[in-house]
Amino acid sequence: MSRSFAVALLPARPRYRDIARIVLAAAALCAVASIAEAKTAEKWEFSVNSGRLFSAGTQPDVIKGADYTAAQLAYILRPNLAITGSLGWARSRDISAVGSPKLDIFTYDIGAEAHADKRNLGSGINFSPFLGAGAGARSYSYRNLPVGTTNEPAGYVSAGGEFGYHRIRLRLELRDYVTGFKPLSGGGSDLRNDMTVMVGLRLAH
């Protein structure tokens, strides 16, 4: 069974310690970017991203891969540092339960992104890669079953980049999440690892 980079770094128990480590990684990114860049460029950026959520290691046969939509609001502290808050929604199914009931997955988190300087690719196109980390929570809600919503802490690491052409920005992002989920069947570990791939388009100021 394949295991992602994030899971390889995590012990089998308990996940709260793992989330704390990810939060420390986010704080380290903030510190490094603040030292490296002295200029200020305070502004807000908003984008709606679409993509896919899929299993990546633990619990691979529990939650079905699903379409994923995320609204992101970023506060640009410095040209190379952003604080990003996200609200994501995946329309999935619990394929370990009888009838594969519909399962709405809501993810909300906040993190830091360290951006490299923009690289000119020619013809007015530029590219800026980034790395990020953050933490938050995830809610699981069965759409048509009399089962209460469950909530779990969540943490992530991310990598991606943004292509720019005049005012147009195309953002590509891959996130590796570690969180928890207990399927209705009652089997399997409550530790879960999955990934999201997202693409978003926005207009810059």
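Refer to the structure printed above.
If you're wondering where the values come from, they're calculated on a predicted model, not measured in any experiment.

Chemist: Would you mind going over the packing of aromatic side chains with me for this structure?
Modeler: Tallying each qualifying case throughout the model produces five aromatic pairs. Ring geometry for Phe-127 versus Phe-163: centroids 4.6 Å apart, planes at 40°, classification tilted. With Phe-127 in strand S6 (residues 125-142) and Phe-163 in strand S7 (residues 150-165), this residue pair connects regions lying 36 residues apart in the sequence. Residue Phe-163 is classed as partly exposed on the basis of its relative accessible area, which comes to 30%. Summarising the aromatic geometry, the rings of Tyr-140 and Phe-181 are spaced 4.5 Å apart at their centres and angled 40° between planes, so their arrangement reads as tilted. A residue pair is termed long-range when its members are at least 10 positions apart, and Tyr-140 in strand S6 and Phe-181 in the loop between strand S8 (168-180) and strand S9 (191-203) qualify at 41 residues. Each member of the pair, Tyr-140 as well as Phe-181, is classed as buried. Stacked on the ring of Tyr-177, the Lys or Arg Arg-138 has its end atom at 5.0 Å from the ring centre. Its end group placed over the ring of Tyr-156, Arg-175 keeps NZ or CZ at 4.0 Å from the ring centre.

Chemist: Just to check I follow, could you spell out the pairing of strand S2 (residues 66-78) for this structure?
Modeler: Regular strands place their side chains on alternate faces of the sheet. Pairing analysis gives eleven bridges linking strand S1 (residues 43-55) to S2, with the strands arranged antiparallel. Counterpart to Glu-45 in the pairing with S2 is Ala-74. As judged from the eleven bridges shared by S2 and strand S3 (residues 81-93), these two strands associate in the antiparallel manner. By the bridge assignment, Ile-76 is partnered in S3 with Ala-82.

Chemist: Whenever I open this one, the side chain of Asn-193 confuses me. Can you help?
Modeler: Looking at the element boundaries, Asn-193 is found in strand S9. We classify Asn-193 as buried; its relative accessible area is 0%. Here the side chain of Asn-193 touches Asp-176 through a polar contact of 2.6 Å, side chain to side chain. There is a polar contact of 2.6 Å between the side chain of Asn-193 and the backbone oxygen of Tyr-177.

Chemist: Got a minute to help me understand unusual backbone geometry in this structure?
Modeler: Peptide bonds are trans in most cases, and residues, glycine excluded, mostly fall at negative phi. Positive phi is not limited to glycine here, since Ser-123 has a value of about 60°. Looking at the element boundaries, Ser-123 is found in the loop between strand S5 (119-122) and S6. Taking relative accessible area as the criterion, Ser-123 reaches 68% and is therefore assigned exposed. The backbone of His-166 sits at a positive phi, close to 55°, despite the residue not being glycine.

Thresholds applied
- Residues numbered from 1 in each chain as written.
- Predicted model: local features only at pLDDT ≥ 70, side-chain atom pairs only at ≥ 80, totals over all residues.
- Heavy atoms only, no water.
- Phe/Tyr/Trp six-rings, centres within 6.5 Å; stacked < 30°, edge-to-face > 60°.
- Helix = DSSP H or I, 4+ residues; strand = E, 2+ residues; numbered from the N terminus.
- Buried < 20%, exposed > 50% of the residue type's maximum accessible area, 1.4 Å probe, protein only.
- Lys NZ or Arg CZ within 6 Å of the ring centre and 35° of its normal.
- Pairing = 2+ DSSP bridges.
- Polar contact = N/O pair within 3.5 Å; in protein donor to acceptor, adjacent residues only side chain to side chain.

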